[in-house]
Amino acid sequence: MSEQHPYPWPTASSTGVGSWPGEDPDEAVRTVLGELPDLPHLPELPGRGVGADMIGRTAGLLVEFPVEVQPTGWRVADTPGRDLYRAHGFLSRDLDVLTEHAHAYEGALKIQAAGPWTMAASTELRNGQRVIADPGAYRDLCASHLEGVRAHLADVRTRVPGARLLVQIDEPSLPAVLLGALPTASGYGRLRAVDRIRVEETLRTLFTTITDAGAVPVVHCCAENAPLDLLRRSGARALSLDAGLLDRRHDDMVGTAVEAGVGLLLGVVPAVDPTPSEQARMSDPAANVDVVRELWNRLGFDPDLLSRTVVTTPACGLAGASPHHARAALRAARDGARVLRDEPRRS
């Protein structure tokens, strides 16, 4: 990104991570567009059931890699079945609603998909073992995922032609993949860690594909041990993280990313209904973003750059929140973004 246009979003932007409570895509899209005018996202509604969950939704994007639901989760299948048809139907409905309400929209727009390593960690082979345990299988899945994301991106572009698209790749399982922390099918052992070079190469290919398609690759990982350096080297142009999990151990990695022009989407408000004490804090926009201002102060960057670099978000997806809190969380994130612009230093 050039110095003239360093980030694809306006100053003092806010957005959501992805998921949303309820089952009505029309209401969800209208709410998101109303509450997040600078950087809306396509909401995901896992409350609708099988096929609307994060893994099922992305499984519906896979090309020639059919899966189905078994009691233990999503599993590789011989042919597409009703589970994938449900996933396709949910996504098609969501995109139709997006087209209806946002066809004329011009500006930054974020869409989401589970990442290839989270898909490989969450999908089973026919023998019940995870795809991640079989190098040949996860190579096939990653290739299928790449083509599916490419096609999805092209589809969204035709529906909202004036949008500058950000593609958020959700990788909650990536730390476990790298650390060898995923359990085997029996539950008595742990799967071998995947080589970091292979992980990085796969993500770089995906992010390059997204970039070449004219979109901006973003990675979301809300784990405390998110591999920030690896994600930056892989070509992510923004990192979506829970600000509450960032401490001094992360300063060098975050600072290096910012110096490289990588933007930050930082979670600053609870993703589930807050306790009374959290509710009181949430009503204070400045208190919500104190953790971000403290981080910026430690890093020593120009305060005037803060609201250009950082987008405020809820800490994670809002599927587990009440509708009232979900709307309040987006408003709080939006108010927090304005504080970062108007009061980048703590008083």
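Residues numbered from 1 in each chain as written. Predicted model: local features only at pLDDT ≥ 70, side-chain atom pairs only at ≥ 80, totals over all residues. Heavy atoms only, no water.

Trainee: Would you explain the overall build of the protein in this entry?
Mentor: When you go through the protein residue by residue, the secondary structure sums to 14 helices and nine strands. Against the compact-globule benchmark of 20 Å for 347 residues, the protein has a radius of gyration of 19 Å, which places it among compact chains. Along the first, second and third principal axes, the C-alpha set of the protein runs to 60 × 45 × 45 Å. Of all intrachain contacts in the protein linking residues separated by at least 6 positions in sequence, the fraction that spans at least 24 positions is 74%. Counting every atom, the protein has about 14,600 Å² of accessible surface; 49% of that belongs to carbon and sulfur. Here the protein contributes 36 positive and 45 negative side-chain charges, whose respective centroids are spaced 2 Å apart. (Helix = DSSP H or I, 4+ residues; strand = E, 2+ residues; numbered from the N terminus. Rg over C-alpha atoms; globule rule 2.2 N^0.38 Å. Contact = heavy atoms within 4.5 Å. Areas by Shrake-Rupley, 256 points an atom, 1.4 Å probe, with all protein chains shown as cover. Lys, Arg positive; Asp, Glu negative; His and termini not counted. Charge placed at Lys NZ, Arg CZ, Asp CG, Glu CD.)

Trainee: So what exactly am I meant to see when it comes to the pairing of strand β8 (residues 263-269) here?
Mentor: The two faces of a sheet get side chains in turn, since along a regular strand they alternate between them. By the criterion of burial, β8 is predominantly enclosed, with seven of the seven residues buried. Sheet topology places strand β7 (residues 238-242) next to β8; five bridges connect them, and they run parallel. Of the residues in β8, the one forming a bridge with Ala-238 is Gly-263. Regarding topology, helix α9 (residues 251-259) serves as the crossover connection from β7 to the parallel β8, and that connection is right-handed. Where β8 lies against strand β9 (residues 310-314), five bridges are found, and the strand directions are parallel. If you follow Gly-267 over to β9, its bridge partner there is Thr-313. (Buried < 20%, exposed > 50% of the residue type's maximum accessible area, 1.4 Å probe, protein only. Pairing = 2+ DSSP bridges. Right-handed = clockwise from strand over helix to strand, strands pointing away.)

Trainee: For this particular structure, what's the right way to read the environment of Pro-10?
Mentor: Considering the arrangement of structural elements, one finds Pro-10 in the segment before α1 (25-35). What makes Pro-10 partly exposed here is its relative accessible area of 36%. In this structure the C-alpha to C-alpha distance between Pro-10 and Ile-197, which are 187 residues apart in sequence, comes to 34 Å.

Trainee: Looking at this structure, I do not really get the sheet that holds β8. What am I missing?
Mentor: By way of backbone hydrogen bonds, the strands of a sheet pair with one another, either parallel or antiparallel. Pairing is parallel in the open sheet, where six strands are placed in the order β3-β5-β6-β7-β8-β9. Both edges of this open sheet fall to β3 (107-114) and β9, since each of them pairs with a single strand only. Strand-to-strand twist in this sheet, taken as the mean axis angle between neighbours without regard to direction, amounts to 25°. Here β3 runs beside strand β5 (residues 163-170); their pairing, made up of eight bridges, is parallel. Each residue of the ladder has a partner; that of Lys-110, found in β5, is Leu-166. (Axes fitted to C-alpha atoms, helices over the stretch in contact; angles between N-to-C directions.)

Trainee: What's the story with the packing of aromatic side chains in this structure? I'm lost.
Mentor: The description of an aromatic ring pair uses the distance of the two centres, along with the angle that the planes make with each other. Tallied over the entire structure, the rule returns three aromatic pairs. Arranged with centres 5.6 Å apart and planes meeting at 10°, the rings of Tyr-7 and Trp-9 form a pair that is stacked. Exposure class is identical for Tyr-7 and Trp-9. Each is buried. (Phe/Tyr/Trp six-rings, centres within 6.5 Å; stacked < 30°, edge-to-face > 60°.)

Trainee: I keep staring at the packing of helix α3 (residues 82-102) against helix α5 (residues 135-159) and nothing clicks. Help me out?
Mentor: How two helices sit against one another is set out by the angle between their axes and by the gap between those axes. The interhelical angle for the contact between α3 and α5, taken along N-to-C directions, is 30°, at an axis separation of 9 Å. Classified by the interaxial angle, the pair formed by α3 and α5 is roughly parallel. For the pair α3 and α5, the sense of crossing is right-handed. Together, Leu-91, Leu-95, Asp-96, Leu-98 and Thr-99 of α3 and His-152, Asp-155, Val-156 and Arg-159 of α5 make up the contact between the two elements. For the contact of α3 with α5, a count of residues per class yields four nonpolar, two polar and three charged. (Parallel < 35°, antiparallel > 145°, perpendicular 65-115°, else oblique. Left-handed = near helix turned anticlockwise from the far one by under 90°. Nonpolar A, V, L, I, M, F, W, Y, C, P; charged D, E, K, R; others polar.)

Trainee: What is the right way to look at the state of the cysteines in this model?
Mentor: Working definition of a disulfide: a covalent bond connecting the sulfur atoms of two cysteines. Across all of its chains, the model carries zero disulfides by this definition. Cysteine Cys-221 remains unbridged, with the sulfur of Cys-222 as its closest cysteine sulfur at 6.3 Å. (Disulfide = S-S within 2.5 Å.)

Trainee: Looking at this structure, I do not really get the side chain of Asp-242. What am I missing?
Mentor: For Asp-242, the position within the fold is in strand β7. Of the polar contacts made by the side chain of Asp-242, one reaches the backbone nitrogen of Gly-244; its length is 2.9 Å. (Polar contact = N/O pair within 3.5 Å; in protein donor to acceptor, adjacent residues only side chain to side chain.)

Trainee: For this particular structure, what's the right way to read helix α12 (residues 290-299)?
Mentor: The α-helix advances 3.6 residues per turn, and as a result positions three or four apart in sequence lie on the same side. Residues of α12 that are buried include every one of Asp-290, Val-292, Arg-293, Leu-295, Trp-296 and Leu-299, and no others. Just downstream of α12, Gly-300 is the residue with a positive phi angle, here 80°.

Trainee: Please clarify how the packing of α1 against helix α14 (residues 323-342) should be interpreted in this entry.
Mentor: Packing of α1 against α14 leaves a shortest axis separation of 10 Å and a crossing angle of 20°. As far as their axial angle goes, α14 and α1 are roughly parallel. Of the two elements, α1 crosses α14, and the hand of that crossing is right-handed. Seen from α1, the contacting residues are Glu-27, Thr-31, Val-32, Gly-34 and Glu-35; seen from α14, they are Arg-327, Leu-330, Arg-331 and Arg-334. Considered class by class, the residues forming the contact of α1 with α14 number two nonpolar, two polar and five charged.

Trainee: Just to check I follow, could you spell out the pattern of salt bridges for this structure?
Mentor: The tally for this structure, following the rule as stated, stands at 19 salt bridges. The salt bridge partner of Arg-233 is Glu-200, with a shortest N-O separation of 3.2 Å. Highlighted residues: Arg-233 in helix α8 (residues 228-233) and Glu-200 in helix α7 (residues 196-212), separated in sequence by 33 residues. Note on Arg-233: relative accessible area 39%, which makes it partly exposed. One salt bridge connects Arg-249 with Asp-247, and the closest N-O pair in it is separated by 2.8 Å. Asp-247 gets classed as partly exposed once you look at its relative accessible area, which sits at 27%. What emerges from the salt-bridge pattern is a single network uniting Glu-35, Arg-331 and Arg-334. (Salt bridge = Lys/Arg side-chain N within 4 Å of Asp/Glu carboxyl O.)

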